[in-house]
Amino acid sequence: MKVQIVSDKQAGGQAGFRVFEDALQNGAKVLGLATGSTPVTIYEQLAASDLDFSQLTSVNLDEYVGLNADHPQSYHYFMQEHLFNAKPFAHSYVPDGSDLDAAKATSEYDQIIAENPIDLQLLGLGKNGHIGFNEPGTDPDSTTYKVTLTDSTIDANARFFDNADEVPRYAYSMGIGSILKAKQILIVAYGEGKAAAVAAMIQGPVTPDVPASYLQTHPNVTVILDEAAASQLD
Ligand code: GLP
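Visitor: Could you clarify how one ought to interpret helix α7 (residues 195–203) in this entry?
Guide: Along an α-helix, residues three or four apart share an orientation, since each turn contains 3.6 residues. Residues of α7 that are buried: A195, A197, V198, A199, M201 and I202. Those residues of α7 hidden inside the fold are in contact with β1 (2–6), β9 (184–189) and β10 (221–226).

Below, the structure written as structure tokens:
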């Protein structure tokens with residue numbers, strides 16, 4: 001794993017932008033995108049740039065089950081606001097959270113990923129070491145599936161909702177196996193709250209207890225951290 005330490009989120013946005021720029025220059029056609037607060041500064045840089053995404057495809061990691069695309073807390077909506085309004089792609093895929101038929105929604109999404117192999121996958125990191133919504137204990141070979149969110153993830157995401165009761169309990173997420181198929185992975189984490197997960201991801205054993213630790217098995221991973229997130233690394 002290539003680790004890059006930056007001074008703050010703004011510098012992380014610029015560093016992340018350069019990873020996208022290089023990937024595009026090297027012919028990337030399919031970008032795997034993520035939500036959460038971490039990628040926002042990268043999206044700001046991408047949205048303000050002169051990069052052209054109109055011939056590219058984006059595939060998002062995950063979506064809450066039960067939220068329509070126009071719900072302000074849906075990941076569809078997030079992507080519109082933070083990137084797609086400024087930079088439309090030829091095709092943008094996000095799991096369909098309005099489809100309550102999990103078997104259908106997840107197999108359709110696997111088909112989309114199979115038809116659009118991801119060149120560069122952007123990831124944030126959960127405090128408990130999750131990637132996408134792959135919580136501790138997830139099978140490393142998993143493809144898209146319906147996830148029961150842990151209490152820690154529900155609490156962490158409650159800040160975006162009026163109260164914790166409104167946070168959906170389920171999500172559709174790409175599996176760890178789907179994520180590891182991407183040719184290149186960029187994972188970003190900021191703040192002291194992520195420091196333990198960062199250390200476990202990079203220096204701990206590869207274990208289902210820390211889903212992000214499986215990134216150690218991938219040949220092309222870039223990690224962007226601020227100093228607080230890097231503070232528990234040796
Ligand atoms: C959510 C998302 C993840 C994200 C994580 C961290 O659970 N499903 O994709 O990485 O939160 O979010 P944040 O970047 O806001 O810390």
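Visitor: I tried to follow the pairing of β9 on my own but got confused; where do I start?
Guide: Across a regular strand the side chains alternate sides, sitting on one face of the sheet and then on the other. A large share of β9 lies buried, amounting to six of its six residues. Across the two faces of β9 the burial is the same, with Q184, L186 and V188 and I185, I187 and A189 all buried. Looking at chain direction, strand β6 (residues 120–123) and β9 are connected through four bridges and run parallel. The residue of β9 that forms the bridge with Q121 is I185. Pairing of β9 with β10 involves five bridges; the strand directions are parallel.

Visitor: It is not clear to me how the sheet that holds β6 should be interpreted in this structure. Could you clarify?
Guide: What links the strands of a sheet is backbone hydrogen bonding, and the strands pair in either a parallel or an antiparallel sense. Taken in spatial order, the seven strands line up as β1-β10-β9-β6-β2-β3-β5 in an open sheet, and their pairing is parallel. The open sheet has two free edges, formed respectively by β1 and β5 (91–93), since each of these has just one partner strand. On average, each strand axis in the sheet is tilted by 15° relative to the strand beside it, whichever way the strands run. As paired strands, strand β3 (residues 57–60) and β5 are joined by three bridges and run parallel to one another. Each bridged residue has a counterpart across the sheet, and for T57 the counterpart in β5 is H91.

Thresholds applied
Residues numbered from 1 in each chain as written. Predicted model: local features only at pLDDT ≥ 70, side-chain atom pairs only at ≥ 80, totals over all residues. Heavy atoms only, no water. Buried < 20%, exposed > 50% of the residue type's maximum accessible area, 1.4 Å probe, protein only. Helix = DSSP H or I, 4+ residues; strand = E, 2+ residues; numbered from the N terminus. Contact = heavy atoms within 4.5 Å. Pairing = 2+ DSSP bridges. Axes fitted to C-alpha atoms, helices over the stretch in contact; angles between N-to-C directions.

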